[in-house]
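These are the residues of each chain, in order.
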Amino acid sequence: MDIRLLDAMPTDAEREAIDVVVGEADVASDRVARADRTRRHLLLPALRAAQLRVGWVSEGALGYAARRLSVPPADAYGVASFYALLALEERPADLTHVCT
């Protein structure tokens, strides 16, 4: 994983899920407001919200969360890859086999 911000764009669903946790963006063009810089603790909840909405954490969602929270992308990737509950690639649907 590169340490620069990712170029991939998040989907609208990912963006909405992250904005619910982080709050609406108060931005001028692509600049993040200073108030967002002290909210690093919201990184894991934001990534979890994106996964719950879409099923996995894409590079676009990861980069968007890093930009919104002013967290280095390497740190965001470290958090996402450390927790087993976050999927960084699409997974097949869960199947449950019920024995009768």
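Everything below is about the structure printed above this text.
These lines cover the structure that appears in this document, whether it is placed above or below. Small disclaimer: the values here were computed from a predicted structure and weren't measured.

When helices and strands are counted, the protein shows four helices and zero strands. Across the protein, every contact between residues at least 6 apart in sequence was considered, and the portion connecting residues at least 24 apart equals 78%. Carbon together with sulfur atoms contributes 54% to the accessible area of the protein, which is approximately 6600 Å² in total.

Turning our attention to the nonpolar core. One finds Ile18, Leu43, Leu47, Val57, Leu62 and Leu69 to be the most contacted residues of the largest nonpolar core, which totals 18 residues. With six residues, helix H3 (residues 59–69) is the largest single contributor of residues to this core. With sequence-adjacent residues up to four places away left out, Ile18 is seen in contact with Gly23, Ala46, Ala50, Ala61, Tyr64 and Ala65.

Overall, the coordinates contain four salt bridges when judged by the stated rule. The salt bridge partner of Arg53 is Glu16, with a shortest N-O separation of 3.3 Å. Here Glu16 lies in helix H1 (residues 12–22) and Arg53 lies in helix H2 (residues 43–54), a separation of 37 residues in the sequence. By relative accessible area, which is 43% here, Arg53 ends up partly exposed. According to the relative accessible area criterion, Glu16 is partly exposed, its value standing at 45%.

In this section: the side chain of Glu14. On the secondary structure map, Glu14 appears in helix H1. Although Glu14 is buried, it forms no salt bridge, and the closest oppositely charged side chain is Arg15 at an N-O distance of 7.7 Å. The residues contacting Glu14, other than those within four sequence positions of it, are Val54, Trp56, Ser58 and Ala61.

Quick look at the side chain of Asp19 now. Looking at where Asp19 falls in the secondary structure, it is placed in helix H1. Overall, Asp19 belongs to the buried group, its relative accessible area being 11%. Polar side-chain contacts of Asp19 include one of 2.8 Å to the side chain of Tyr64. Apart from the residues within four sequence positions on either side, Asp19 is in contact with Glu24, Tyr64 and Arg68.

This paragraph deals with H1. Taken as a whole, H1 has its buried residues at Glu14, Ala17, Ile18, Asp19 and Val22. Trailing H1 by a residue or two, Gly23 shows a phi angle of about 105 degrees, which is positive.

Within the chain, Ser70 stands out as a residue other than glycine whose phi angle is a positive 55 degrees. Inspection of the secondary structure assignment puts Ser70 in the loop between H3 and helix H4 (73–82). Taking relative accessible area as the criterion, Ser70 reaches 34% and is therefore assigned partly exposed.

The rules behind these values
- Residues numbered from 1 in each chain as written.
- Predicted model: local features only at pLDDT ≥ 70, side-chain atom pairs only at ≥ 80, totals over all residues.
- Heavy atoms only, no water.
- Helix = DSSP H or I, 4+ residues; strand = E, 2+ residues; numbered from the N terminus.
- Contact = heavy atoms within 4.5 Å.
- Areas by Shrake-Rupley, 256 points an atom, 1.4 Å probe, with all protein chains shown as cover.
- Core = buried A, V, L, I, M, F, W, Y, C linked by side-chain atoms within 4.5 Å.
- Buried < 20%, exposed > 50% of the residue type's maximum accessible area, 1.4 Å probe, protein only.
- Salt bridge = Lys/Arg side-chain N within 4 Å of Asp/Glu carboxyl O.
- Lys, Arg positive; Asp, Glu negative; His and termini not counted.
- Polar contact = N/O pair within 3.5 Å; in protein donor to acceptor, adjacent residues only side chain to side chain.

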